[in-house]
Amino acid sequence: MKTLDPVTPEMLAQGDEPMSNYSDNRHFADIIQTRYSRRTLLKGSLGAAAIGFLGAGVAGCGGSSSSSGGAAGPRIGFAPVPVSDQDTFVVPEGYTAEAILQWGEPITGTMPAYDLINSGEEQGMQVGSHHDGMHFFPIEGEDPWTGSSEDGLLVMNHEYVEPRFMHMTAVGLSLDRNGITVLNPDNDRDADEVLKELNAHGVSVARVQKQSDGRWAVVADPRNRRITGLTEMEISGPVRGSDFVKTAFSPEGTRTRGTLNNCAHGVTPWNTYLAAEENWAGYFRNSTATAAERPREQARYGVRHSGQTSRYRWELADEDPAANQQRFARFDVGATGGSALEDYRNETNGFGWMVEIDPFDEHSTPVKRTALGRFAHEGVVFARAVEGIPVVCYSGDDAGNEYIYKFVSAQPYYKATAGGHLLDSGTLYVARFNDDGTGEWLPLVYGLNGLTDANGFTSQADVLVNTRTAADFVGATKMDRPEWGAVDPVDGSVYFTLTNNSGRGSSSDVDNANPRGPNPFGHIIRWKEGNDLPTSLNFDWDLFVLAGDQDDSEDLAGNKLTDDNIFCSPDGLWFDHDRRLWIQTDISESVMNSGIFEVFGNNAMLAANPVSGEIRRFLTGPLGQEITGVVTTPDGKTMFINVQHPGATTSAADFAAGNINSRWPDYDNNTYPRSATVVITKDDGGVVGT
Ligand code: FEO
Ligand code: CA
Ligand code: CA
Ligand code: CA
């Protein structure tokens, strides 16, 4: 492995996931002679050969309503909305949208009202910031997809924060979206500001009810809860108790504190929520190691070294390090003590996992499920659970040239006994996409495929803590930043967004699964497991759509996208109950509304028919934001989506002058823009999207 250090503050200042895969694991096109040109593959797989892909038989998943449309696919009945560069939220004619659950809305404790002067403790009783993945759990608490469509627990992730919008001390300063206030003479950070930022991270659980006037509101409930960057959590699975996770806080290596950068999510068949830990690495700094000196479990993930600063510099909080078990100082993961039991050199090994939360038990301790691997988890999606068959789920590692993974539980699923223990033992696989449209799942198991002591792997805990390195070793295919996955409720196909990849070179660096180098616009890949069994070790794949503008794009029918559906940087992805595929975009704040990205306007959401490939733009969001998080009530008549970081494209100079470019959703010039959930309904009371 080269010792190049890819992570610079400038890179994260762009809000993008840093590339840290400098392994010599080659792109697949370098290994296998390309059988098809990109054009041939697309024509073949998106055209005639798609019959083979789709004709492989219906997996018998059932559960979809009649409007899944059989051979024609689901109905998409709305008129597409145009691209927008305005500070507005636009839905099709005949639909209504209303923002709820804004960042700072109180949901628990003493219910402190939102105000810029809120303390760190108060933020811990309010909805967090930067809303992301989300699920509506019907209030009956029995099944994640059936039950009430008017009453439930809305559970959502809060990916990160924009400190300039959080603190009085930032007013008037020249700060961009990544800027932080470091005001103390000692160059420390104010401890309460750090607490506020940690408490704005994590997960919110909020009971929401449809009111008599048809609008939705948060209601009091003992289960309303905030999980934050400080909440105590259990570590389970093969890494639990290993030396990798022993710290001064948990000498036995069984616990850690907090979950960070929770991007997308997952919903287990047993009605719990999984929060993904995505870009956690940049929150930590190893003060005692140069780039080359960092252990691989830090270096391969881009944990900052002694020559860099951490993202928010929480480790510099002005608090006695002896207090509160170093709740802030632990973000320095250097070897500052005499041993791992006296410092936090292993703290980052407690991050990069999927975190299971039971929203129906407010006393439950979140659990980090280590068997699912450690990387920049975007989210996780489960294949439909089948009685007597192992549980299968898929997760992407969102960074340039990283991989797509699948977990297969060791124990079979039985509804009567299913629970989180199913995620503690099983096999983690990584995907190899062959150029001929086939693919394989490569097991990441200690002792197999060269993951042996001779090659530096000493245990399954080691393989899991170093999931990326293990995947490099077995020859996984480097992908264009895997984001969300979605499973077709009718035929069981798995779809993944590949958002873009500026780090993929041209010509020799491309392969048929990632055919553009560089890839500024992204694409959506899909596959069908061998014999329609989610547990298969092989699959057939094709490309569902190459995103892009009217000149550089290709839909399933082989046509270019049009004014009605051009999009780029697909991120959120979800199949509704009728089999509509919802696609959400996340064009980076560093490029949106400019250059080759100007034509796409603000981030948006589209709906697609997985059979015909038809795509229509359903909504556009305000300035500076991304659209993310999508779910409907079981009846499909209420949709919840999230708007994250409105106004993030406000320049430092404009911020200093008080000229914020978005005032969504309040349009009050005295309040900052705030992330919020949007409730979308059809005015005729019908199913959203029909
Ligand atoms: Fe947090 Fe990969 O989007
Ligand atoms: Ca995302
Ligand atoms: Ca983003
Ligand atoms: Ca993204």
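One can find the structure itself at the top, above this paragraph.
A brief structural summary. (Residues numbered from 1 in each chain as written. Chains lettered and ligands numbered in written order. Predicted model: local features only at pLDDT ≥ 70, side-chain atom pairs only at ≥ 80, totals over all residues. Heavy atoms only, no water.)

## Observations regarding helix H9 (residues 467–474)
Which entries qualify depends on this criterion: Buried means the residue's accessible area, taken with a 1.4 Å probe over protein chains only, is under 20% of the maximum for its type, while exposed means over 50%, and partly exposed covers the values in between. Going along the chain from the N terminus, every DSSP run of H or I of four or more residues is numbered as a helix, and every run of E of two or more is numbered as a strand. Throughout, a contact is declared for two residues whenever any of their heavy atoms are within 4.5 Å.
Along H9, seven of the eight residues are buried, which leaves the element largely enclosed by surrounding structure. Those residues of H9 hidden inside the fold are in contact with helix H7 (296–299), strand S15 (400–402), strand S16 (404–412), strand S17 (426–433), strand S18 (438–443) and helix H8 (460–465). A positive backbone phi angle near 90° is found at Gly-475, which sits one or two residues after H9.

## As for the environment of Thr-146
Looking at where Thr-146 falls in the secondary structure, it is placed in the loop between strand S2 (131–138) and strand S3 (151–158). Distance from Thr-146 to Asp-635, taken between C-alpha atoms, is 8.5 Å for residues 489 residues apart in sequence. Look past the residues within four positions of Thr-146 in its chain and what remains in contact with it is Pro-138 and Pro-634.

## Points about the coordination of the calcium ion (ligand 4)
Inclusion rule: Here the term donor refers to an N, O or S atom within 2.8 Å of the metal (or 3.2 Å for Na, K and Ca), and because water is left out of the atoms, sites may appear incomplete.
Summarising the metal site, the calcium ion (ligand 4) is bound by the protein donors Glu-483 (OE), Asp-571 (OD) and Asp-586 (OD), whose distances to it range over 2.3 to 2.6 Å. In terms of primary sequence, the donors binding the calcium ion (ligand 4) are separated according to E-x87-D-x14-D. A spacing of 3.7 Å is found between the calcium ion (ligand 4) and the calcium ion (ligand 2), which share Glu-483 as a donor. Of this pair, Asp-571 sits in strand S24 (residues 570–575) while Asp-586 sits in the loop between strand S25 (581–585) and strand S26 (604–608); the two residues are 15 residues apart in sequence, bridging distant segments of the chain. Per residue, the accessibility class of Asp-571 equals that of Asp-586, and both read buried.

## Re the nonpolar core
Side chains that are nonpolar tend, in soluble globular proteins, to be buried together. Defined as follows: Only buried Ala, Val, Leu, Ile, Met, Phe, Trp, Tyr and Cys residues count toward a nonpolar core, and they belong to the same one when joined by side-chain atoms within 4.5 Å.
Core analysis: the largest hydrophobic core is formed by 68 residues, its most contacted members being Phe-284, Val-430 and Leu-444. Considering each element in turn, this core owes the most residues, five residues, to helix H6 (residues 191–200). Here Val-430 is in contact with Tyr-403, Ile-404, Tyr-405, Glu-440, Trp-441, Leu-442, Leu-444, Ala-471, Val-474 and Ala-476, once residues within four sequence places are set aside. In terms of nonpolar packing, the next biggest core, distinct from the first, is built from 35 residues, Ile-100, Met-156, Trp-574 and Met-605 among them.

## With respect to the coordination of the calcium ion (ligand 2)
Formally: In short, tetrahedral needs four donors with all angles between 85 and 135 degrees, square planar needs four and octahedral six donors with opposite donors over 155 degrees apart and all other angles between 65 and 115, and whatever is left is irregular.
At this site the calcium ion (ligand 2) is bound by Cys-263 (SG), Glu-378 (OE), Glu-483 (OE), Asp-571 (OD) and Asp-571 (OD), with donor distances of 2.3 to 3.2 Å. For the calcium ion (ligand 2), the six donor atoms in the first shell make angles of 51 to 156° at the metal, a pattern classed as irregular. For the pair the calcium ion (ligand 2) and the calcium ion (ligand 3), the metal-to-metal distance amounts to 5.8 Å. Of this pair, Cys-263 sits in strand S9 (residues 262–267) while Glu-483 sits in strand S20 (residues 482–487), placing them 220 residues apart in sequence. Glu-483 matches Cys-263 in its accessibility class, with the two residues each being buried.

## Description of the pairing of strand S22 (residues 523–529)
Keep this limit in mind: Strand pairing is assigned whenever DSSP detects at least two bridges linking the two strands.
By the criterion of burial, S22 is predominantly enclosed, with seven of the seven residues buried. On S22, burial covers both faces: His-523, Ile-525, Trp-527 and Glu-529 on one face and Ile-524, Arg-526 and Lys-528 on the other are all buried. With five bridges joining them, strand S21 (residues 494–498) and S22 adopt antiparallel strand pairing. By the bridge assignment, Tyr-495 is partnered in S22 with Arg-526. Alignment of S22 against strand S23 (residues 538–546), held across seven bridges, turns out to be antiparallel. For Lys-528, the partnering residue across the bridge sits in S23 and is Asp-540.

## Looking at the sheet that holds strand S7 (residues 232–236)
This is how it is decided: Axis definition: a line fitted to C-alpha atoms, limited for helices to the stretch in contact. Angles are taken between N-to-C directions and run from 0 to 180 degrees.
Strand order across the open sheet formed by six strands is S8-S7-S12-S11-S10-S9, with mixed pairing between neighbours. What marks the edges here is a single partner per strand, and that holds for strand S8 (255–257) and S9. Going across the sheet, the axis of each strand differs from the next one's by a mean of 35°, ignoring polarity.

## Looking at the environment of Thr-649
Relative to the helices and strands, Thr-649 resides in the loop between strand S29 (638–644) and helix H10 (652–657). With relative accessibility at 24%, the residue Thr-649 sits in the partly exposed group. In the structure, Thr-649 is positioned 434 residues away from Arg-215 in sequence and 31 Å away in space, judged by C-alpha atoms. In this structure Thr-649 touches Glu-589, Met-592, Gly-624 and Asn-661, once residues within four positions along its chain are discounted.

## A word on the pattern of salt bridges
Worth spelling out the cut-off: A carboxyl oxygen of Asp or Glu within 4 Å of a side-chain nitrogen of Lys or Arg is what we treat as a salt bridge.
Evaluation of the coordinates by the stated rule reveals 38 salt bridges. Among the salt bridges present, the one from Asp-472 reaches Arg-300, with a minimum N-O distance of 2.9 Å. In this pair, Asp-472 sits in helix H9 while Arg-300 sits in the loop between H7 and strand S11 (354–357), placing the two residues 172 residues apart along the sequence. In this structure, Asp-472 and Arg-300 share a single accessibility class: buried. When the shortest N-O distance is used, the salt bridge between Arg-369 and Glu-356 registers 2.8 Å.

## Let's talk about unusual backbone geometry
Between Gly-517 and Pro-518 the backbone carries a cis peptide bond, its omega angle lying at -10°. Topologically, Pro-518 is positioned in the loop between S21 and S22. Each neighbour pair has its own omega, and for Trp-664 with Pro-665 the value is 0°, a cis peptide bond. Within the secondary structure layout, Pro-665 lies in the loop between H10 and strand S30 (676–682). With phi around 65°, Asn-187 is a residue other than glycine that occupies positive phi space.

## So, the sheet that holds S24
Taken in spatial order, the four strands make up an open sheet running S24-S25-S26-S27, and their pairing is antiparallel. Strand pairing shows two members of the sheet lacking a second neighbour, S24 and strand S27 (615–620), which therefore form its edges. Taken over all neighbouring pairs, the strand axes of this sheet differ in orientation by 25° on average, direction set aside. Bridge count between S26 and S27: five bridges; the pairing is antiparallel. Paired with Leu-606 across the strands is Arg-617, a residue of S27.

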